[in-house]
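# A closer look at the structure
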Amino acid sequence: IPPAGSSVAFDVANATFDIEVRGDGCDDPMTFTDGEWIAPGSDDYFLSEKAWVTEFAVVELVEESPGPEVVADLVCTPGGTLVTHAVVVFAGYSSEARQLGRSLTGSVEWVTEFGSSVIVRYAPWLLHDPHCCPSQYELDLYRWQDGDWVEIGFEVWRKDPDAERL
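Just so you know, the residues in each chain are numbered from 1, in the order the chain's sequence is written. With pLDDT at 70 or above as the cut-off, local features in this predicted model cover only qualifying residues; side-chain atom pairs require 80 or more to be listed or tallied, and sums for whole chains, interfaces and linings still use all residues. Note: side-chain values were computed over all heavy atoms of the structure, leaving out hydrogens and water.

### Quick look at the pattern of salt bridges
Oppositely charged side chains can form a pair if their charged atoms are brought close together. For the record, the criterion: Each salt bridge in this description consists of a side-chain nitrogen of Lys or Arg and a carboxyl oxygen of Asp or Glu lying within 4 Å of one another. Every helix listed is a DSSP run of H or I at least four residues long, and every strand listed is a run of E at least two residues long, numbered separately from the N terminus. For every residue, the accessible area (1.4 Å probe, protein chains only) is compared with the maximum for its type, and the residue is labelled buried under 20%, exposed over 50%, or partly exposed between those bounds.
One pass over the full model with this rule turns up 1 salt bridge. Note that Asp-148 is salt-bridged to Arg-102, the shortest N-O span being 3.8 Å. Taken as a pair, Asp-148 in strand E11 (residues 148-158) and Arg-102 in the loop between strand E6 (84-91) and strand E7 (104-105) lie far apart in primary sequence, 46 residues in all. Among the residues examined, Arg-102 registers a relative accessible area of 37% and is labelled partly exposed.

### A look at the nonpolar core
Rules: The nonpolar core is taken to be a set of buried Ala, Val, Leu, Ile, Met, Phe, Trp, Tyr and Cys residues, with the residues joined through side-chain atoms within 4.5 Å. We call two residues in contact whenever any of their non-hydrogen atoms come within 4.5 Å of each other.
The biggest cluster of nonpolar side chains holds 19 residues, and the ones touching the most others in it are Val-12, Phe-17, Phe-32 and Phe-90. Secondary-structure elements contributing two or more residues to this core are strand E4 (50-59), strand E5 (69-77) and E6. Among the elements that take part in this core, E5 stands out by supplying 4 residues, more than any other. Every residue in contact with Phe-17, bar those within four places of it in the chain, is listed here: Phe-10, Val-12, Asp-28, Pro-29, Met-30, Phe-32, Leu-74, Phe-90 and Ala-97. Core analysis: the next-biggest nonpolar cluster, separate from the first, contains 14 residues, Leu-61, Val-87, Leu-104 and Trp-149 among them.

### Structural notes on the pairing of strand E10 (residues 136-145)
To be explicit about the condition: Two strands form a pair only when DSSP identifies at least two bridges running between them.
In terms of strand pairing, strand E9 (residues 117-122) meets E10 through 6 bridges, oriented antiparallel. When the bridges of E10 are listed, Arg-121 appears paired with Leu-139. Hairpin connection of E10 to E11: 2 residues between the antiparallel strands, including Asp-146 at a positive phi of 50°.

### A word on unusual backbone geometry
With a phi angle near 50°, Asp-34 is a residue other than glycine that sits in the positive phi range. Among the secondary structure elements, Asp-34 is positioned in the loop between strand E2 (29-31) and strand E3 (36-38). Within the chain, Asp-146 stands out as a residue other than glycine whose phi angle is a positive 50°. Position of Asp-146 relative to the elements: it lies in the loop between E10 and E11.

### Focus on the packing of aromatic side chains
Condition: Ring pairs shown here join Phe, Tyr and Trp side chains whose ring centres sit within 6.5 Å, with only the six-membered ring taken for Trp; geometry is labelled stacked below 30 degrees between planes, edge-to-face above 60, and tilted in between. In this scheme, the term charge over a ring applies when either NZ of a lysine or CZ of an arginine sits within 6 Å of the ring centre and within 35 degrees of the ring normal.
This structure, assessed with the given rule, holds 5 aromatic pairs. Here the aromatic rings of Trp-144 and Trp-149 are separated by 4.9 Å at their centres, their planes lie at 70°, and the arrangement is edge-to-face. Clustering of aromatic rings is evident, with ring pairs tying together Phe-10, Phe-17, Phe-32 and Phe-90. If you follow Arg-121 out to its NZ or CZ, it ends over the ring of Tyr-137, 3.6 Å from the centre.

### Here we look at the sheet that holds E10
Pairing between the strands of a sheet is mediated by backbone hydrogen bonds and can be parallel or antiparallel. Using the following cut-off: Only C-alpha atoms enter the line fits that serve as axes; for helices the fit covers just the stretch in contact. Angles between N-to-C directions range over 0 to 180 degrees.
Taken in spatial order, the 4 strands make up an open sheet running E8-E9-E10-E11, and their pairing is antiparallel. Both outer strands of the open sheet, strand E8 (107-112) and E11, are each paired with one neighbouring strand and no more. The sheet shows a mean angle of 20° between the axes of neighbouring strands, direction not considered. Direction of pairing for E10 relative to E11: antiparallel, over a ladder of 10 bridges. If you follow Tyr-137 over to E11, its bridge partner there is Trp-157.

Geometric descriptors of this kind do not, in isolation, establish any biological role.
Shown next, in the form of structure tokens:
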């Protein structure tokens, strides 16, 4: 639900849109209700394809877009334990889903209006990582350029083998 007094018309928690990340089954048109989507015809909640809007921010990021944007942090699973995280930016001026640029793999770490930037945290699983606990993650810096999100920098953070979980 857009914040009270905001000029945002788009309600990401109650909208229909596609998520296209990694092709793991989470690329269907999804209609979210109260921030959740469950695949039609699913009998078993734990094995069904589902997605959630975990958080969102309303900020001015894209100069050529009239009004603020909605930056959404999404989680999707095709069922079981596989989980995909995606960051999607929508134009906030319309009640319809108007995605700005491509979906970004990962979760929102930071959003800043200065420089029209989004920092995304992405935790790739490496060959010897247990399923629960990646041994490293990346912080990828994206900036809006020429109609899309362009990665302009990144940092890799590695877990010390003797340290606790990330």
